[in-house]
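These are the residues of each chain, in order.
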Amino acid sequence: MNHPAILASVRKPLPAGLLHALQALLEDRCSIALAVREHHGRDESSYDPMPPEAVVFAQSTAEVAEIVRLCHAHEVPVIPYGAGSSLEGHILALHGGVTIDLSQMNKMVAVHAEDLTATVQAGVTRKQLNTEIRDTGLFFPIDPGADASLGGMAATRASGTNAVRYGTMRENVMALTVVTADGRIIRTGSRAKKSSAGYDLTRVFVGSEGTLGIITEVTVKLYPLPEAISAAVCSFPDNADAVNTVIQTIQMGVPIARVEFLDANGVRAINAHDKLNLPVKPLLLFEFHGTEHGVKEQAELVQEIAAANGAGDFEWATRPEDRSRLWAARHNAYFALLQLRPGSRSISTDCCVPISRLAECISETQIDCENHGITYSIIGHVGDGNFHVLMLVDPDSPDEIAVAESINQRMVTRAIAMDGTCTGEHGVGIHKMGFLIEEHGADAIHMMRMLKHAFDPKNILNPGKIIAWDEVEE
């Protein structure tokens, strides 16, 4: 389901001298096999694969730097690759080039439990990190659903189900090791809790989606495991009642750890996929962290708020295995929804609005989907105003794709008009590029173009994402 602009992308063959140099450096960790290239030219977006000309598997920052130096000398695009779980076409090789797979850079560099920090190579996944530190009494809370790599999560400024309590990658990355476009290695930030020393380069690279530098190491914050954890689900008569419960809970200052929303279509899908028996109604899934007393107090207050909004009884999941089953079902919602229409593809999109406008934005989006007869589900991390719309379309039907994209256009325009954003966590990639001027204004986009040009004057770092190079002013 490629956009015409993607089909028109210029792809250049790999220079023989570059390929020979990469093979000499990496030996069998440099591949031009079609299957390997195709695997690295697709993500979870609705776009068709766009494979690179070669895939290399780096094992150290020094190797990444040498690979980038070679590509810089030949002016060949470089696309960093983590777990391939992005949703907006971030890793598609629009102009060919070389994909650097960082998954073999999966070592723990250092854990400083006393300082509540860990430094890891970019290929370490969030589940791996939590497994490695489980004996310290600490955990890393950012949970985007997929078992994404920490480097990829930093590059896309990921968040997820715990963001309402613990924040996003923006708040939880303390320092980075980054390879620049010409192959230099720089270190941004430190393990100190604060700093006033110069420009905050860490925040420049967090969320840059591989367009300004390649992240090879990440230092993140850790948190003490809560003394008590409980989860509960409750159903509501309609979407607005569920979302208003969330709004009132947040406005009351209840420190919930997670609160997830699924509409009736989403509940129907996970019931079938995960063999659950939840009422097919809009649903909220809560999780509470704290002391035994604190968790009980939080839950009682939220129950009162939910009851006032017409909720059914809370169903509690206090055992770890029950909580895991519920959260696994929530994380499987994307794949569960696809089964509602076999053979379809999902156009998945997200936006984020101030919490006070959330019910309105979701309601208008729901009406838009219903009016156009599209199979859809609205789900989201509504505790921070972020929701997702998954629209199932026939990949061979230009009309259905156009309808879904028009709904996305109106949803994003609506969110921006509410002082929100075109993406709360998916990132820009290819799919959201057209909304940046509407959200930020022409002058701000001009500054972004200048930044890209200064950091990557040859435009080799993940070209065609976030900012179109033909719009960068010399």
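It should be noted that the structure appears before, not after, this text.
The following refers to the structure shown. (Residues numbered from 1 in each chain as written. Predicted model: local features only at pLDDT ≥ 70, side-chain atom pairs only at ≥ 80, totals over all residues. Heavy atoms only, no water.)

Remarks on the packing of aromatic side chains
So, point 1. According to the stated counting rule, one finds 8 aromatic pairs in the structure shown.
So, point 2. Judged by centre distance (5.6 Å) and plane angle (90°), the ring pair of Phe139 and Tyr166 falls under edge-to-face. Here Tyr166 lies in helix H7 (residues 163-166) and Phe139 lies in strand S7 (residues 138-139), a separation of 27 residues in the sequence. Neither Phe139 nor Tyr166 differs from the other in exposure class; each is buried.
So, point 3. Three or more aromatic residues joined by ring pairs make a cluster, and in this case those are Phe286, Phe288, Phe314 and Trp316. (Phe/Tyr/Trp six-rings, centres within 6.5 Å; stacked < 30°, edge-to-face > 60°. Helix = DSSP H or I, 4+ residues; strand = E, 2+ residues; numbered from the N terminus. Buried < 20%, exposed > 50% of the residue type's maximum accessible area, 1.4 Å probe, protein only.)

Some remarks on the pattern of salt bridges
Pairs can form between side chains of opposite charge whenever their charged atoms are close.
So, point 1. Tallied over the full model, the rule gives 19 salt bridges.
So, point 2. Its salt-bridge partner being Asp368, residue Arg410 comes within 2.8 Å of it at the nearest N-O pair. Taken together, the residues Arg410 in helix H16 (residues 398-417) and Asp368 in helix H15 (residues 358-371) connect sequence positions 42 residues apart.
So, point 3. What makes Asp368 buried here is its relative accessible area of 8%.
So, point 4. One connected set of salt bridges, linked through shared partners, spans Arg126, Asp143, Arg258 and Glu287. (Salt bridge = Lys/Arg side-chain N within 4 Å of Asp/Glu carboxyl O.)

Focus on the nonpolar core
So, point 1. In this structure, Leu284, Leu358 and Phe387 are the most contacted members of the largest nonpolar core, which totals 53 residues.
So, point 2. Looking at this core element by element, the count peaks at 7 residues for H16.
So, point 3. With residues up to four places along the chain from it excluded, the contact list for Phe387 reads Thr349, Asp350, Cys351, Leu358, Cys361, Ile362, Thr365, Ile378, Ile379, Gly380 and Met411.
So, point 4. With 27 residues, the next largest nonpolar core counts Leu14, Leu18, Ala58 and Ala65 among its residues. (Core = buried A, V, L, I, M, F, W, Y, C linked by side-chain atoms within 4.5 Å. Contact = heavy atoms within 4.5 Å.)

Topic: the environment of Gly429
So, point 1. You can see Gly429 is positioned in the loop between H16 and helix H17 (436-440).
So, point 2. With a relative accessible area of 0%, Gly429 lands in the buried category.
So, point 3. Separated by 374 residues in the primary sequence, Gly429 and Val55 have C-alpha atoms spaced 20 Å apart.
So, point 4. Contacts of Gly429, omitting those with residues within four sequence positions, involve Glu88, His90, Glu209, Gly464, Lys465 and Ile466.

Some remarks on the environment of Val10
So, point 1. Tracing the backbone through its elements, the reader meets Val10 in the loop between helix H1 (4-7) and helix H2 (16-26).
So, point 2. Classification of Val10 by relative accessible area gives exposed; the value is 55%.
So, point 3. Here the alpha-carbon distance between Val10 and Gly96, two residues 86 residues apart in the chain, equals 8.1 Å.
So, point 4. Excluding residues that lie within four positions of it along the chain, Val10 makes contacts with Leu94 and His95.

What to know about the side chain of His40
So, point 1. Inspection of the secondary structure puts His40 in the loop between helix H3 (34-39) and strand S2 (54-57).
So, point 2. His40 gets classed as buried once you look at its relative accessible area, which sits at 3%.
So, point 3. Looking at His40, its side chain comes within polar contact range of the main-chain oxygen of Val36, at 2.8 Å.
So, point 4. Engagement of the side chain of His40 in a polar contact is seen with the side chain of Asp101, the distance being 2.6 Å.
So, point 5. Among residues more than four places away in sequence, those in contact with His40 are Pro52, Val55, Phe57, Tyr81, Ile91, Thr99 and Asp101. (Polar contact = N/O pair within 3.5 Å; in protein donor to acceptor, adjacent residues only side chain to side chain.)

Overview of the sheet that holds strand S15 (residues 315-317)
So, point 1. Taking strand neighbours across the sheet as the criterion, the 7 strands line up as S15-S12-S14-S13-S17-S18-S16 in an open arrangement whose pairing is antiparallel. At either margin of the open sheet sits one strand with a lone partner, and together these are S15 and strand S16 (345-352). Across the sheet, the mean angle from the axis of one strand to that of its neighbour is 15°, orientation sign disregarded.
So, point 2. Pairing analysis gives 8 bridges linking S16 to strand S18 (residues 386-393), with the strands arranged antiparallel. Within S18, the residue paired with Thr349 across the bridge is Val389.
So, point 3. Strands in contact with helix H11 (residues 264-274) are strand S13 (258-262), strand S14 (283-290) and strand S17 (375-380); relative to S13, the strand with the most contacts, it is inclined by about 95°. (Pairing = 2+ DSSP bridges. Axes fitted to C-alpha atoms, helices over the stretch in contact; angles between N-to-C directions.)

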